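Understanding the architecture of this molecule
Spelled out, the chains give:
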Amino acid sequence: MRLAAAFAAAYVLCASPVLALGQLGDWDVSRGKDGHCSASMGYKAPDDGNAEYFVAFAFTDDQMMIVLAYDNWDLKEGTVVAADFYIDQELLVRQSQWTAANDKAITGNWEINRKLLGALRSGSTITMATPAGKTQFQIPGVAEALRQMNECEKKNPKG
């Protein structure tokens, strides 16, 4: 994958995986050096010139980090990206704040709450809408990946 380095850099921010716990459909679930669990998936979109997409979620105590990477983004590392954040057609946050991890990836930290988890569990897409346009990420099977992450966290609590 041409974006493997960009994905890896963003994913390191997410959880630094050291223990792969399994594959759930398109999702990889793993435990990071910090003891927290994460789920990630990448895919190519034939209808977008085989552009590569990457999505990762990681728990960090009462927070969830979301990493989104897209082949056609050209970002400046460290810049703040404001985007309307949708799951399916539901606008979760207008002008949410994300940080460019590198030229292809953004990260966002979210308080874990019922609205976010409920929308994700029933969702099939994440859409980021900026003045430059919309980018839609497919998240098939995300409910099972989140369930597995939760089980992972319960089985091996930190501290």
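Shown above is the structure to which this text applies.
Residues numbered from 1 in each chain as written. Predicted model: local features only at pLDDT ≥ 70, side-chain atom pairs only at ≥ 80, totals over all residues. Heavy atoms only, no water.

Quick look at the layout of surface pockets now. In this structure, the largest pocket spans a volume of roughly 200 Å³. Trp73, Val81, Thr130, Ala132 and Gly133 are, among the 13 residues lining the largest pocket, the residues nearest its centre. Mapped by element, the contributors of at least two residues to the lining of the largest pocket are β6 (80-87), β9 (125-130) and β10 (133-138). Of the residues forming the lining of the largest pocket, the biggest block, 4 residues, is contributed by β6. Partitioned by chemical class, the residues of the lining of the largest pocket number 9 nonpolar, 3 polar and 1 charged. (1 Å grid on protein atoms, 1.4 Å probe; cavity = no way out; pocket = protein on both sides within 12 Å on 5 of 7 lines; lining within 4 Å. Points joined across faces, edges and corners; volume = space filled by probe spheres on them. Helix = DSSP H or I, 4+ residues; strand = E, 2+ residues; numbered from the N terminus. Nonpolar A, V, L, I, M, F, W, Y, C, P; charged D, E, K, R; others polar.)

Taking 1.5 Å of rise per residue, 14 residues should cover 20 Å, and helix α3 (residues 142-155) covers 20 Å from first to last C-alpha, within 8% of that figure. Of all the positions in α3, only Val142, Ala145, Leu146, Met149, Cys152 and Glu153 are classed as buried. Down the axis, α3 shows its buried residues gathered within 115 degrees of arc, on one side only. Exposed residues pointing more than 90 degrees away from the buried face of α3 are listed as Lys154 and Lys155. (Expected span 1.5 Å × (residues − 1). Buried < 20%, exposed > 50% of the residue type's maximum accessible area, 1.4 Å probe, protein only. Arc of directions from axis to C-beta.)

Moving on to the pattern of salt bridges. A pair can form between side chains of opposite charge whenever their charged atoms are brought close. The full count for this structure, using the stated rule, is 2 salt bridges. Between Arg94 and Asp84 there is a salt bridge whose closest N-O contact spans 3.2 Å. Taken together, the residues span a long stretch of sequence, with Arg94 in strand β7 (residues 90-100) and Asp84 in strand β6 at a distance of 10 residues. Taking the relative accessible area as the measure of exposure, Arg94 reaches 57% and is therefore exposed. Among the residues examined, Asp84 registers a relative accessible area of 10% and is labelled buried. Put simply, Arg147 and Glu144 hold a salt bridge, and the shortest N to O gap is 2.4 Å. Pair noted here: Arg147 and Glu144 are both in helix α3, with a separation of 3 residues, about one helical turn. In this structure Arg147 comes out as partly exposed when scored by relative accessible area, which is 40%. (Salt bridge = Lys/Arg side-chain N within 4 Å of Asp/Glu carboxyl O.)

A few words on the state of the cysteines. One pass over the full model with this rule turns up 1 disulfide. With its sulfur 1.8 Å from that of its partner, Cys37 forms a disulfide with Cys152. Every disulfide takes its handedness from the sign of the S-S torsion; for Cys37 and Cys152 that torsion is -65 degrees, giving left-handed. Highlighted residues: Cys37 in strand β3 (residues 37-45) and Cys152 in helix α3, separated in sequence by 115 residues. Taken as a pair, Cys37 and Cys152 share a single burial class, namely buried. (Disulfide = S-S within 2.5 Å.)

Our next topic: the environment of Ala83. Position of Ala83 relative to the elements: it lies in strand β6. C-alpha of Ala83 to C-alpha of Ala129: the two residues are 46 residues apart in sequence and 5.2 Å apart in space. Not counting chain neighbours up to four residues away, the residues in contact with Ala83 comprise Val93, Arg94, Gln95, Ser96, Met128, Ala129 and Thr130. (Contact = heavy atoms within 4.5 Å.)

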